[in-house]
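Survey of secondary and tertiary structure
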Amino acid sequence: MFDEKELKEIEKIKKRYPDNKSVLLPVLWMIQDKYGWISDDSMKYAGDLLDISYEHILGVVTFYTMLNKKPVGKYHLQICTNVSCMLRGGYELYNYISEKLKIKNKEITEDGMFSIEEVECLGSCATAPMLQVNNKEYHENLTFEKIEELIKKLHEDTQSVTKTL
C-alpha cells in the first residue's frame, strides 16, 4: 500500500510522538491523500503497520468527518450549510451545485470527476458561504458566478493534465 519512501516518512513521524496511536491520524491522512478514501483493507494495513486494532481504527475513521469512508470524486466539494453559511445562502449554493452536477449528497458524477457533500462548520464563518475542495482548498464569499468559475476551472485543470499525458 505504501512504497519505501512513504514508509520512511511514517518512521520519521513516529519519532515525533510517544506512541503509535498518535501516529494514526497522519497515516490515515497519507492513505486518503494517496487513494482518495479509507477502505477496510487500508484500515487493516494501518493496523498492521502501527500495531493498532482494526476496531480502534474504525472508531477513528468513523468519528472524523474529514476522512472519506467511501470513494469520492477527483474533486470532492464539501459545501458548508451550518448557521453562518446557511444565513448567507449555503443551502442555495449546495442545491445549485447539486443540480448543476446532477448528483446528490455523497454521490459521484458519472465521469468520476466530482462528488459533493453537505458538511457542518468548516470554520470560515466570517467569509460565508464557503466550500472546500478535497479537504485542502477553501473557496469563500461564494456566489453562483464563483461556483460556475470554480467548476469550469476544475474541468479545465483536468483537461490540461490529460492533454499533457
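Scope of this entry: the structure provided in the associated data block. No experiment lies behind these values; they were computed from the predicted model shown. Just so you know, the residues in each chain are numbered from 1, in the order the chain's sequence is written. Two thresholds apply to this predicted model, a pLDDT of at least 70 for residue-level local features and 80 or more for giving and counting side-chain atom pairs, whereas whole-chain, interface and lining totals are computed over all residues. Values reported for side chains reflect all heavy atoms of the structure, with hydrogen atoms and water molecules removed beforehand.

What follows deals with the sheet that holds strand S2 (residues 114-119). Backbone hydrogen bonds are what pair the strands of a sheet, in a parallel or an antiparallel way. Taken together, the four strands give an open sheet; going across it, the order is S2-S1-S3-S4, and neighbouring strands pair in mixed fashion. Strands with a single pairing partner mark the edges of an open sheet, and in this sheet they are S2 and strand S4 (137-139). When the angles between neighbouring strand axes are averaged without regard to direction, this sheet yields 25°. Two strands pair when backbone bridges link them, and strand S1 (residues 75-80) and strand S3 (residues 131-133) are joined in this way by three bridges, in the antiparallel orientation. Across the sheet, Leu77 pairs through a bridge with Val133, a residue of S3. The contact criterion used is simple: two residues touch if any of their non-hydrogen atoms lie within 4.5 Å. To obtain an axis, a line is fitted to C-alpha atoms, over the contacting stretch when the element is a helix, and the angle between two such axes runs from 0 to 180 degrees between their N-to-C directions. Going along the chain from the N terminus, every DSSP run of H or I of four or more residues is numbered as a helix, and every run of E of two or more is numbered as a strand. Contacts between helix H6 (residues 90-101) and the sheet are confined to S1, S2 and S3, with S2 contributing the most and set at about 160° to the helix. A pair of strands counts as paired when DSSP detects no fewer than two bridges linking them.

For the rest of this paragraph, the subject is the environment of Asn105. Take Asn105: it is sitting in the loop between H6 and S2. Leaving out residues up to four positions away in the same chain, Asn105 has contacts with Tyr94, Ile116, Glu117 and Glu118.

The next subject is unusual backbone geometry. For the bond from Ala128 to Pro129, the omega torsion is -5°, close enough to zero to count as cis. With phi around 65°, Lys106 is a residue other than glycine that occupies positive phi space. Mapped onto the elements of the fold, Lys106 is located in the loop between H6 and S2. Classification of Lys106 by relative accessible area gives partly exposed; the value is 43%. The phi dihedral of Asn134 falls on the positive side, at around 55°, and the residue is not glycine. Exposed residues in this analysis have more than 50% of their type's maximum accessible area, buried residues have under 20%, and partly exposed residues fall in between, with area computed by a 1.4 Å probe over protein chains only.

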